[in-house]
Amino acid sequence: MKMNFNNPVLFKELKLRFRSPKSFVGILFYLIAMCIFVFGFIFATMTMSGTSYFRPSESFILFGLLAFIQLGLVLFITPGLTAGAISSEREKQTLSILLTTSQSSFQIISGKLSSSIAFLLLLIVAGLPVYSLVFLFGGISPLDFVKVFFFLFVTLLAIGSVGVMFSTLIRRTIVSMIATYGTMLFLSVVTGFIFLIVMQMIEFNHMGTGTPPTSILGHILASINPAILFASFLSTGMGDSISEMTQVKFPIWIGYLIFYLSLTVISLFISVKKLRVNMKRSK
């Protein structure tokens, strides 16, 4: 797969997406909602505490809430933007025309994925001025800020790649979207539910035997769940607690990086390999 940054598919998708008034109306309402939430939280906290200032501990809570809002945005909007990247072209009967151009399969897949990622990155970056209010009150280090946004990008890239893969493999957009949302729910909800069950079993066995058993499964589940990872960033001792309970001395953020980057590479590889194969079968 040869890297070529002169990607007409990407440029076309960016023009179509960013020339649409709906995109900027969506960003406008998103920023309005974030501003209402932030100023409402500050006002409510100051009113309840009876003070005229905002404490650093409360600023950290606000930062955590904003981080989870951004995570929810990535998890629930990315499948909708990427799950129809290829299948919609097939339904409109324009995919065959696209494949007859000089663009490689990698350029087509990367262009479709990059345009969706660019829009979501714009959505996240547009909220940075709102995030800057948190720094005014203290309690947040630049490293916390960088970690949250870096792992948001990794999560966004992985979920987007899975959406493009299902869009390539499945002919119908609605089915592709269901498969992508199902994968997202499994990674973010089902793994968290199973993790809680495993932790309860570990605690029960620990109380009965007096020695904490090793649970690789619990550590793996914690390493692939976005909510648990973000909670470990916001709670300094949570990552150590998970390692202590599972008896696996391996940082969950490293496992998260390995899993989601591998998921991205595998999904893109399958998409590139199956793009023209599926088109030949449909013919």
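Within every chain, residues take consecutive numbers counted from 1 along the sequence as written. The predicted nature of this model means local features are confined to residues of pLDDT at least 70 and side-chain atom pairs, given and counted, to a pLDDT of 80 or more, with totals for whole chains, interfaces and linings taken over all residues. Heavy atoms from the whole structure form the basis of all side-chain values; hydrogens and water molecules are not counted.

Another aspect to go through is the overall build of the chain. Each helix and strand counted, the chain has 13 helices and zero strands in total. We count a stretch as a helix when DSSP gives it H or I for four or more residues in a row; a strand needs E for two or more, and each element gets its number in order from the N terminus. Of the regular secondary structure in the chain, the N- to C-terminal order runs α-α-α-α-α-α-α-α-α-α-α-α-α. We call two residues in contact whenever any of their non-hydrogen atoms come within 4.5 Å of each other. Intrachain contacts of the chain at a sequence separation of at least 6 include 80% that bridge at least 24 residues. Methods summary: accessible areas were calculated by the Shrake-Rupley approach with a probe of 1.4 Å, and residue burial reflects only the protein chains presented. Counting every atom, the chain has about 14,500 Å² of accessible surface; 73% of that belongs to carbon and sulfur.

Once that is clear, we can look at the pattern of salt bridges. Salt bridge, as used here, is a side-chain nitrogen of Lys or Arg placed within 4 Å of a carboxyl oxygen of Asp or Glu. In this structure the tally under the stated criterion is two salt bridges. Close ionic contact of Lys 112 with Glu 89 constitutes a salt bridge, the shortest N to O distance being 2.5 Å. Taken as a pair, Lys 112 in helix 6 (residues 105-126) and Glu 89 in helix 4 (residues 87-91) lie far apart in primary sequence, 23 residues in all. Exposure class is identical for Lys 112 and Glu 89. Each is buried. Working definition: with a 1.4 Å probe on protein chains only, accessible area under 20% of the residue-type maximum means buried, over 50% means exposed, and in between means partly exposed.

A word on helix 1 (residues 8-18). Turning to helix 1, its buried residues number three or more, namely Val 9, Leu 10, Glu 13 and Arg 17. Projected down its long axis, helix 1 carries its buried residues within an arc of 95°, all on one side. By construction, the arc corresponds to the directions joining the helix axis to the C-beta atoms.

What characterises a pair of aromatic rings is the spacing of the ring centres plus the angle enclosed by the ring planes. Two rings from Phe, Tyr or Trp (for Trp, the six-membered ring) form a pair when their centres are within 6.5 Å of each other. A pair whose planes differ by under 30 degrees is stacked, one over 60 is edge-to-face, and the rest are tilted. Scanning the model with the defined rule gives nine aromatic pairs in all. An angle of 55° between the planes, with centres 6.4 Å apart, marks the rings of Phe 68 and Phe 230 as tilted. Placement of the pair is Phe 68 in helix 3 (residues 56-82) and Phe 230 in helix 11 (residues 226-234), with a sequence separation of 162 residues. Both rings, one in Phe 145 and one in Phe 149, keep their centres 4.7 Å apart while their planes meet at 45°; by these two values the pair is tilted.

pLDDT expresses, on a scale from 0 to 100, how confident the predictor is about each individual residue. With 88% of its residues at a pLDDT of at least 70, the chain reaches an overall mean of 82. Per-element confidence in the chain is highest for helix 8 (residues 142-169), whose mean pLDDT is 90, and lowest for helix 12 (residues 238-246), whose mean pLDDT is 74.

Our next topic: a nonpolar patch on the surface. Put simply, a patch holds well-exposed residues, over 30% relative accessible area, that have no salt bridge, with like charges counted together within 9 Å and Val, Leu, Ile, Met, Phe, Trp or Tyr side chains within 5 Å. On the surface, a cluster of nonpolar side chains totalling about 810 Å² of accessible area is made up of Phe 76, Leu 185, Phe 186, Val 189, Val 190, Phe 193, Ile 194, Ile 197 and Met 201. Per-element tally for the nonpolar patch: the top contributor is helix 9 (residues 173-209), with eight residues. Its place among the elements puts Phe 76 in helix 3.

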